[in-house]
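Structural overview
The primary structure of each chain is shown beneath.
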Amino acid sequence: MFVEIRTYRLKNGGVPEYLKVVGDTGIAIQKKHLGNLVGYFSSEIGPINEIVHIWSFTSLDDRQARRARLAADPDWQAFLPKIRDLIVTADNKIMTPAAFSPLGGSAPV
């Protein structure tokens, strides 16, 4: 299993608008293609105006195929302009869970 952790720093005050448009439209499109949403979060303490969403995939090939289908979806392409100007920076990590993680995994201890 691989876990993708996507972190977006939004423009000042952009979190409510971002969460509204994602909640209204974007998340359904993402779930249709990406599958297993582990969690979607906004910061309360620490870096402000930050969104983190976490997805799990069976393999890197699975992730690549799912993200390609998402990118090709006309509904997703129409949705992107609604959030594009709210995102200041984006960071992406691919991680594997430790064997004792609640998600399970095969990473060495």
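To keep things clear, this report deals only with the structure shown in the data block. Please read these numbers as outputs of a predicted model, since none were measured by experiment. (Residues numbered from 1 in each chain as written. Predicted model: local features only at pLDDT ≥ 70, side-chain atom pairs only at ≥ 80, totals over all residues. Heavy atoms only, no water.)

What about the environment of Trp-55?
- Counting through the fold element by element, Trp-55 comes out in strand S3 (residues 50-57).
- A relative accessible area of 0% places Trp-55 in the buried class.
- Not counting residues within four places of it along the chain, the set of residues in contact with Trp-55 comprises Phe-2, Val-3, Glu-4, Ile-27, Gln-30, Lys-31, Leu-34, Gly-35, Asn-36, Leu-37 and Val-38.
- Separated by 3.0 Å, the side chains of Trp-55 and His-53 make a polar contact. (Helix = DSSP H or I, 4+ residues; strand = E, 2+ residues; numbered from the N terminus. Buried < 20%, exposed > 50% of the residue type's maximum accessible area, 1.4 Å probe, protein only. Contact = heavy atoms within 4.5 Å. Polar contact = N/O pair within 3.5 Å; in protein donor to acceptor, adjacent residues only side chain to side chain.)

Things to note about a nonpolar patch on the surface
- Residues Met-1, Val-38 and Leu-103 make up a contiguous nonpolar surface patch of about 220 Å² in total accessible area.
- In this structure, Met-1 sits in the segment before strand S1 (2-10). (Patch = residues over 30% accessible without salt bridge, like charges linked within 9 Å, V, L, I, M, F, W, Y side chains within 5 Å. Areas by Shrake-Rupley, 256 points an atom, 1.4 Å probe, with all protein chains shown as cover. Salt bridge = Lys/Arg side-chain N within 4 Å of Asp/Glu carboxyl O.)

A short note on the packing of helix H1 (residues 15-34) against helix H2 (residues 60-72)
- Axis separation between H1 and H2 bottoms out at 8 Å; the angle between their running directions is 140°. By the criterion of interaxial angle, the relationship of H1 to H2 is oblique. When you trace H1 past H2, the crossing you get is right-handed. Where H1 abuts H2, its residues Ile-29, Gln-30, His-33 and Leu-34 lie against Arg-66, Arg-67, Arg-69 and Leu-70. (Axes fitted to C-alpha atoms, helices over the stretch in contact; angles between N-to-C directions. Parallel < 35°, antiparallel > 145°, perpendicular 65-115°, else oblique. Left-handed = near helix turned anticlockwise from the far one by under 90°.)

Re the side chain of His-33
- Summarising the element assignment, His-33 is placed in helix H1.
- Take His-33: its relative accessible area is 12%, and that puts it in the buried class.
- Within the structure, His-33 has its side chain in polar contact with the side chain of Asp-73 (distance 2.6 Å).
- His-33 has contacts with Arg-66, Arg-69, Leu-70 and Asp-73, leaving out every residue within four places of it along the chain.

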